[in-house]
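Descriptive structure summary
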Amino acid sequence: MGVPGIDRYRFAVLAVCLTLVLGGCASAVRWENTADGVQGQTYTVRRGDTLYSIAFRHQLDYRSLARWNGIGGSYLIKPGQTLRLYPSGNTQQPDTTVARSPSPTTRTPPPARSPTRSTPTPPSRPASPPAKPAIAKGQWLWPVRGDILRAYSERSKGIDIGGQVGESIRASAGGTVVYAGSALKGYGQLVIIKHSEAELSAYGHNRKLLVKEGQRVEQGDVLAEMGLGPSRQPLLHFEIRHNGQPVNPLGLLPRA
């Protein structure tokens, strides 16, 4: 026997409702991303974070991140603080003439200005070009000597260099330690050095850190001891960032 008409109608309604519910759940899963404390396009500061480490995690320029969140030149943040990971929609100052109350309408036209007294408007200054690398190709030092276990790619963001557990990891260039800790998932014990306003280098999967945040280091200074990577193999994960974006270290390091 066939299904009564009323039963077919109820079945169709149930199928449509089920489809909408599942579709709504799928959308919620895609929209809400709670990994690493990120929800949408914001980040909640955790203990041990620095502005540099947060910018590093999200491939952002730390200066832009500070500007978007009204953070001063000290770049100080505190646990529980919510940071926006994108620029605000309106970056220009509001037009004060719009905010004022409208003036009463008058029929008397304003007097014409004399051309001889008019003040020319100075030309607007062009936007500053992106900062050029302060350290040229060949001026970087290998942080450790060993086989390249993993080449640079968009996914790896750096290179993995093999070696021995406990081997000294050295600063590839001089700068200031802006992060030393293990709060960044996937990097283990990590050191980040700021070399210039545009350039950072990172040294991950260490066994022991030998420097502290705020410490000044020179090229070749020992930063840490090599540890084990995710595959339990001794290695150093090494990255160079320019304006927040990863670059291939092999294009800057001297030939092996």
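This report concerns the structure included in the present document. (Residues numbered from 1 in each chain as written. Predicted model: local features only at pLDDT ≥ 70, side-chain atom pairs only at ≥ 80, totals over all residues. Heavy atoms only, no water.)

Turning our attention to the nonpolar core. Membership of the largest hydrophobic core comes to 25 residues, with the highest contact counts inside it found for Leu51, Ile54, Leu65, Leu190 and Ile192. Among the secondary structure elements, those contributing two or more residues to this core are α2 (51-57), α3 (62-68), β7 (175-181), β8 (189-194) and β9 (199-209). Other than its neighbours up to four places away in sequence, Leu190 contacts Tyr179, Ala180, Gly181, Leu184, Ala202, Tyr203, Gly204, Asn206 and Leu209. Core analysis: the next-biggest nonpolar cluster, separate from the first, contains 24 residues, Trp140, Ala173, Val217 and Ala224 among them. (Core = buried A, V, L, I, M, F, W, Y, C linked by side-chain atoms within 4.5 Å. Buried < 20%, exposed > 50% of the residue type's maximum accessible area, 1.4 Å probe, protein only. Helix = DSSP H or I, 4+ residues; strand = E, 2+ residues; numbered from the N terminus. Contact = heavy atoms within 4.5 Å.)

This part is about the packing of aromatic side chains. Two descriptors summarise a pair of aromatic rings, namely the distance from one centre to the other and the angle between the planes of the rings. Counted by the stated rule, this structure contains 5 aromatic pairs. Residues Tyr52 and Tyr62 carry aromatic rings whose centres are separated by 4.7 Å and whose planes lie at 40° to one another, so their mutual orientation is tilted. Remark: Tyr62 occurs in helix α3 and Tyr52 occurs in helix α2; sequence separation between them is 10 residues. A relative accessible area of 11% means that Tyr52 is categorised as buried. Relative to Tyr75, the ring of Tyr52 has its centre 5.8 Å away and its plane inclined at 80°; by these criteria the two rings are edge-to-face. One end of the pair, Tyr52, is in helix α2; the other, Tyr75, is in the loop between α3 and β3 (82-84), and 23 residues separate them in sequence. Residue class for Tyr75 comes out buried when judged on its relative accessible area of 18%. A connected cluster of aromatic rings, assembled from ring pairs, spans Tyr52, Tyr62 and Tyr75. When the ring centre of Tyr86 is taken as reference, the NZ or CZ atom of Arg84 above it lies at 5.5 Å. (Phe/Tyr/Trp six-rings, centres within 6.5 Å; stacked < 30°, edge-to-face > 60°. Lys NZ or Arg CZ within 6 Å of the ring centre and 35° of its normal.)

This brings us to the environment of Val217. Looking at where Val217 falls in the secondary structure, it is placed in strand β10 (residues 216-217). Sequence separation between Val217 and Lys194 is 23 residues; the distance between their C-alpha atoms is 10.0 Å. Look past the residues within four positions of Val217 in its chain and what remains in contact with it is Ala171, Gly174, Gly175, Val177, Ile193, Val211 and Leu223.

Backbone geometry at Gln59 places phi at a positive 55°, although glycine is not the residue there. Following the sequence through the fold, Gln59 ends up in the loop between α2 and α3. With a relative accessible area of 26%, Gln59 lands in the partly exposed category. The backbone of Arg232 sits at a positive phi, close to 65°, despite the residue not being glycine. Assignment of secondary structure puts Arg232 in the loop between β11 (222-228) and β12 (234-242). Judged by its relative accessible area of 61%, Arg232 is exposed.

This next bit is on the side chain of His237. With respect to the element layout, His237 can be found in strand β12. For His237, a relative accessible area of 7% translates into the label buried. At a separation of 2.7 Å, a polar atom in the side chain of His237 contacts the side chain of Asp160. Only 2.6 Å separates the side chain of His237 from the side chain of Glu239, close enough to count as a polar contact. If sequence neighbours within four positions are ignored, His237 has contacts with Ser156, Gly158, Ile159, Asp160, Tyr187, Ala202, Tyr203, Gly204 and His205. (Polar contact = N/O pair within 3.5 Å; in protein donor to acceptor, adjacent residues only side chain to side chain.)

Counting buried positions over the 9 residues of β12 gives 8, a clear majority of the element. Pairing of strand β5 (residues 159-162) with β12, which is carried by 4 bridges, proceeds in the antiparallel orientation. For Gly162, the partnering residue across the bridge sits in β12 and is Leu235. Taken together, the 6 bridges between β9 and β12 define a ladder with antiparallel strand orientation. Considered in β12, the bridge of Tyr203 is made with Phe238. Examined bridge by bridge, β11 and β12 share 2 bridges and lie antiparallel to one another. Bridging from a neighbouring strand, Leu228 pairs with Pro234 of β12. (Pairing = 2+ DSSP bridges.)

With that settled, the discussion passes to the pairing of β8. On a regular strand, one side chain projects to one face of the sheet and the next to the other, so that they alternate. In terms of burial, β8 is a largely internal element, 5 of the 6 residues being buried. As paired elements, β8 and β9 share 5 bridges and run antiparallel to each other. Its bridge partner lying in β9, Lys194 is registered against Leu200.

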